[in-house]
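Here is what each chain is made of, one letter per residue.
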Amino acid sequence: MTPTIKQETQNLKGKWANLRAENPHLRIRDAAEKLNVSEAELLATEIGASVVLLEPKCARDFAGTRKNRRIMALTRNEEIVHERKGEYKNVEIMSGHAQMALAVNEDIDLRIFLVNWHFAFAVTNESQRGTMRSLQFFDIDGTAVHKVFLTEKSNLDEYEKIIEKYRHPNQNETLEFKAKPAKEAEKPDSEIDIEGFRKGWAKFKRHARFLSFDAKVRRVAREQALRVADREMAYEVDAKKFSFRVGRSRERKASDYGFRRKRGNYSDSHRSRRKSSRRARLV
């Protein structure tokens with residue numbers, strides 16, 4: 001007999017409970033990896049208990065998030081965990097198919113593509129630091145896009161208002177996760193107009209803008225673009241030297257530009273917490 005979705009959810013919930021019993025401090029991201037599922041799938045097993053399913057459109061309500069006052073914004077990919085404490089101010093939601101939003105501030109600086117924000121949850125969980133409350137947003141495959149954690153300076157009443165306003169009418173809703181389309185294969189370097197690519201880059205004052213737009217038009221993959229770029233534009237350095245460079249810049253109070261890329265959310269700032277990595281590229 002083929003198990004139903006509810007049976008599968010109960011089975012997953014049991015596996016997660018056993019895993020947490022064995023390792024109480026295991027992060028949900030690591031638990032999802034061990035169980036070969038997504039973070040959102042694990043959270044879905046807790047709907048009705050520690051998790052509230054929200055309507056995805058709540059992602060557009062950054063006005064409500066701003067009223068939470070000081071929060072901790074978290075964005076991560078496989079290489080970097082980026083945590084910033086501050087307030088969502090100067091938020092602008094733009095028109096277009098990507099549903100882009102900007103939150104440009106000294107502490108929290110985001111370029112957001114809401115078209116990739118498919119699922120939303122309000123999560124309450126206990127940790128070594130006490131009760132943690134957050135709004136968490138996920139892509140179509142259940143991968144975390146962005147998380148907003150309350151701090152001791154946040155406005156809990158406003159947080160509760162967001163939950164009440166966007167609470168999904170059916171907390172038993174069956175969530176359907178889908179695999180993201182496979183990435184387009186990288187073109188061989190021999191098929192790229194490298195000279196034209198380099199000349200195009202040289203015309204832009206903002207490197208990030210060129211990589212986002214012109215490189216896409218020329219169908220050059222992002223890391224490939226860094227590899228074939230003129231040395232005056234980008235070159236590879238050892239990750240340890242990169243960390244040293246960032247540290248020295250901070251000591252001199254120099255301005256360094258950091259750019260973290262995550263599907264659905266680009267996060268900018270001067271500081272980040274890097275995971276172990278063997279290589280880095282300077283742009």
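Rules used throughout
Residues numbered from 1 in each chain as written. Predicted model: local features only at pLDDT ≥ 70, side-chain atom pairs only at ≥ 80, totals over all residues. Heavy atoms only, no water. Helix = DSSP H or I, 4+ residues; strand = E, 2+ residues; numbered from the N terminus. Buried < 20%, exposed > 50% of the residue type's maximum accessible area, 1.4 Å probe, protein only. Contact = heavy atoms within 4.5 Å. Areas by Shrake-Rupley, 256 points an atom, 1.4 Å probe, with all protein chains shown as cover. Salt bridge = Lys/Arg side-chain N within 4 Å of Asp/Glu carboxyl O. Core = buried A, V, L, I, M, F, W, Y, C linked by side-chain atoms within 4.5 Å. Arc of directions from axis to C-beta. Patch = residues over 30% accessible without salt bridge, like charges linked within 9 Å, V, L, I, M, F, W, Y side chains within 5 Å. Lys, Arg positive; Asp, Glu negative; His and termini not counted. Charge placed at Lys NZ, Arg CZ, Asp CG, Glu CD. Pairing = 2+ DSSP bridges.

If you check an unreviewed UniProt entry, the protein appears there as Hemin-degrading factor from Biomphalaria pfeifferi.

Chemist: Where do I start with the overall build of the protein in this structure?
Modeler: Each helix and strand counted, the protein has 10 helices and 14 strands in total. Relative to its full complement of 283 residues, the protein shows a buried share of 41%. Intrachain contacts of the protein at a sequence separation of at least 6 include 60% that bridge at least 24 residues. Of the roughly 17,900 Å² of accessible surface on the protein, 47% is carried by carbon and sulfur atoms.

Chemist: For this particular structure, what's the right way to read the pattern of salt bridges?
Modeler: Here the idea is simple: oppositely charged side chains can pair when their charged atoms come close. This model, assessed by the stated rule, comprises 6 salt bridges. Where Arg20 meets Glu46, a salt bridge forms, and the shortest distance between an N and an O atom there is 3.4 Å. With Arg20 in helix H1 (residues 5–22) and Glu46 in the loop between helix H3 (39–44) and strand E1 (51–54), the pair connects residues that are 26 residues apart, well separated along the chain. It is possible to trace a salt-bridge network through shared partners that takes in Glu186, Asp189 and Arg227.

Chemist: So what exactly am I meant to see when it comes to the nonpolar core here?
Modeler: Across soluble globular proteins, nonpolar side chains have a tendency to be buried as a group. Counting 25 residues, the largest nonpolar core has Leu54, Tyr88, Trp117, Ala122, Leu135 and Phe137 as its most contacted members. Only E1, strand E2 (69–76), strand E5 (100–104), strand E6 (109–113), strand E7 (119–127), strand E8 (130–138), strand E9 (144–154) and helix H5 (156–166) provide two or more residues apiece to this core. Top contributing element to this core by residue count: H5, with 4 residues. In terms of nonpolar packing, the next biggest core, distinct from the first, is built from 19 residues, Leu19, Ala31, Ala32 and Phe138 among them.

Chemist: For this particular structure, what's the right way to read helix H6 (residues 194–202)?
Modeler: It helps to recall that an α-helix has 3.6 residues per turn; residues three or four apart then point in one direction. Residues of H6 that are buried: Gly196, Phe197, Gly200 and Trp201. Taken around the axis of H6, the buried residues stretch over an arc of 135 degrees, which confines them to a single face. Exposed side chains of H6 directed beyond 90 degrees from the buried face belong to Lys199 and Ala202.

Chemist: Just checking my understanding: could you explain a negative patch on the surface for this structure?
Modeler: Side chains of Asp193, Glu195, Asp230 and Glu232 sit close together on the surface and give a patch of like negative charge. With respect to the helices and strands, the residue Glu195 is situated in helix H6.

Chemist: I would appreciate a short explanation of the pairing of E6 in the present structure.
Modeler: Remark: a regular strand shows side chains that alternate across the two faces of the sheet. Taken across its 5 residues, E6 has 5 buried, putting it largely inside the fold. Side chains Asp109, Arg111 and Phe113 project from E6 onto one buried face, and the interleaved Leu110 and Ile112 project onto a second face that is buried too. Where E5 folds back onto E6 in an antiparallel hairpin, the turn is made up of 4 residues.

Chemist: How should unusual backbone geometry be read in this particular structure?
Modeler: With the exception of glycine, the majority of residues adopt a negative phi angle, and the majority of peptide bonds are in the trans configuration. Phi is positive for Asn36, which is not a glycine, with a value near 60 degrees. Here Asn36 lies in the loop between helix H2 (28–35) and H3.

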